[in-house]
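So you can see what is in the structure, the chains are spelled out below.
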Amino acid sequence: MPLVTSKELFQKAYEGKFAIGAFNVNNMEIIQGIVDAAKAEEAPLILQVSAGARKYANPTYLKKLVEAAVEDSGLPIVLHLDHGESFEICKQCVDDGFTSVMIDASHHPFEENIAITKKVVEYAHSKGVVVEAELGRLAGIEDDVNVSEKDAAFTDPEQAAEFVEKTGVDSLAIAIGTSHGAYKFKGEPNLDFERLQKIAKLLPGFPLVLHGASTVLPEFVELCNKYGGDIPGAQGVPEAMLRKAASLGVSKINIDTDLRLAMTAAIRKSFSEVPNNFDPRKYLGDGRTAIKEMVRHKIVNVLGCNKLL
Ligand SMILES: [Zn+2]
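Right, let's walk through the structure included here.

Criteria and thresholds
- Residues numbered from 1 in each chain as written.
- Predicted model: local features only at pLDDT ≥ 70, side-chain atom pairs only at ≥ 80, totals over all residues.
- Heavy atoms only, no water.
- Helix = DSSP H or I, 4+ residues; strand = E, 2+ residues; numbered from the N terminus.
- Rg over C-alpha atoms; globule rule 2.2 N^0.38 Å.
- Buried < 20%, exposed > 50% of the residue type's maximum accessible area, 1.4 Å probe, protein only.
- Contact = heavy atoms within 4.5 Å.
- Areas by Shrake-Rupley, 256 points an atom, 1.4 Å probe, with all protein chains shown as cover.
- Arc of directions from axis to C-beta.
- 1 Å grid on protein atoms, 1.4 Å probe; cavity = no way out; pocket = protein on both sides within 12 Å on 5 of 7 lines; lining within 4 Å.
- Points joined across faces, edges and corners; volume = space filled by probe spheres on them.
- Nonpolar A, V, L, I, M, F, W, Y, C, P; charged D, E, K, R; others polar.
- Expected span 1.5 Å × (residues − 1).
- Donors = N, O, S within 2.8 Å, 3.2 Å for Na, K, Ca; no water.

With that settled, the discussion passes to the overall build of the chain. A count of helices and strands for the chain gives twelve helices and ten strands. At 18 Å, the chain has a C-alpha radius of gyration in line with the 19 Å of a compact globule built from 309 residues. With respect to the three principal axes, the spread of C-alpha positions in the chain is 60 × 45 × 35 Å. Within the chain, the proportion of its 309 residues that are buried is 56%. Restricting the contact set of the chain to residue pairs at least 6 apart, pairs at least 24 apart contribute 75%. As displayed, the chain offers around 13400 Å² of accessible surface, 52% of which is attributable to carbon and sulfur atoms.

Turning to helix α9 (residues 218-227), a few remarks are in order. Residues of α9 that are buried include every one of Phe 220, Val 221 and Cys 224, and no others. Axial view of α9: buried residues confined to an arc of 100°, hence all on one face. The exposed residues of α9 that point more than 90 degrees off its buried face are Pro 218, Glu 219, Glu 222 and Lys 226. Looking at the packing, one finds that the buried side of α9 touches α11 (257-273) and α12 (280-303).

A word on the layout of surface pockets. It is a probe the size of a water molecule, rolled over the atoms, that shows where empty space is left. Approximately 560 Å³ is the volume attributed to the largest pocket. Secondary-structure elements contributing two or more residues to the lining of the largest pocket are β6 (140-142), β7 (145-147) and α11. Counting residues per element, the lining of the largest pocket draws most heavily on β6, which supplies three residues. The class makeup of the residues in the lining of the largest pocket is eleven nonpolar, nine polar and eight charged.

Turning our eyes to something else, we now look at the side chain of Thr 117. In this structure, Thr 117 sits in helix α6 (residues 110-126). Apart from the residues lying within four places of it in its own chain, the contact partners of Thr 117 are Ile 103, Ala 133, Phe 163, Thr 167 and Val 169.

This brings us to α6. In this model, α6 (17 residues) spans 24 Å end to end at C-alpha, consistent with the 24 Å of a helix rising 1.5 Å per residue. What α6 keeps buried is the set Phe 110, Asn 113, Ile 114, Thr 117, Val 120, Val 121, Tyr 123 and Ala 124. Close packing links the buried residues of α6 with α5 (87-95), β4 (100-103), β5 (130-135) and α7 (157-167). Just past α6, the residue Gly 128 takes up positive phi, approximately 75°.

This part takes up the coordination of the zinc ion. Note on metal sites: the ideal angle is 109.5 degrees for four tetrahedral donors, and 90 or 180 degrees for six octahedral donors. Bound to the zinc ion on the protein side are His 83 (NE2), His 180 (NE2) and His 211 (ND1), at distances that span 2.0 to 2.1 Å. Here the donor residues of the zinc ion share one chain and are spaced in sequence as H-x96-H-x30-H. Placement of His 180 in the loop between β8 (171-174) and α8 (193-202) and of His 211 in the loop between β9 (208-210) and α9 is noted, with a sequence separation of 31 residues between them. Both residues of the pair, His 180 and His 211, belong to the buried class.

This is the structure in structure tokens:
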């Protein structure tokens, strides 16, 4: 099966009130861990590549690794550009064979965000590729995306409806209180579900996207802390909140921080158990196994996209 777009997957997810997982990939072990999990749980997958991942791994290597995953697993896999910062980078990814791109012009004024997004939509659609855009701004840091709390802004429901109509975009990332990175809330976790419901009501049947949606699993934070430098105050989005969001029109849930934590926890533990090990296959293999188990948990308990094949 070749790479697929997310069109039918989102439709199924929307109607079934579940979400498809979009996992950030940076190297072979991360890709293999995620794909093994999806295969075990019979789940479709979105593998996404950020600007930081392209810089780290070289886009050609990542593309070939994802193609290998498709060939080896036979799973429906979407190759998605995460936070494309310009028309040019989106065009390049469309031309390189990505099946989905995100244009993130959310830092521009509303009309400019519309104009840039529309240009990407026109080009991508002419090549059969789907487009995600963003309206509102999430706080936090992830790779090249860095938004301070004072610059963060929740998505305005009326604007969201106007934005989708004017751009023809296929899905929309919204800001309702999640944030990038491991520190999502200062006090109690709180998402603006009323806002989400308003947006969903104005855009019936339209797939919404939640970025910054790692749960920051305590077991991995504890392992990281036990076997190395502390990650103090880390706090993610509770699983129940993500399940609720999925039931209200969120069809794509992004996960990056949880992958980083799972892999780091496993590698720290691996070195602590066998300090004189110098075979990368041992500790990277342990990282890959941890990612697989974590992603299986997400697919079944958070996303609900298992047994779909
Ligand atoms: Zn994001």
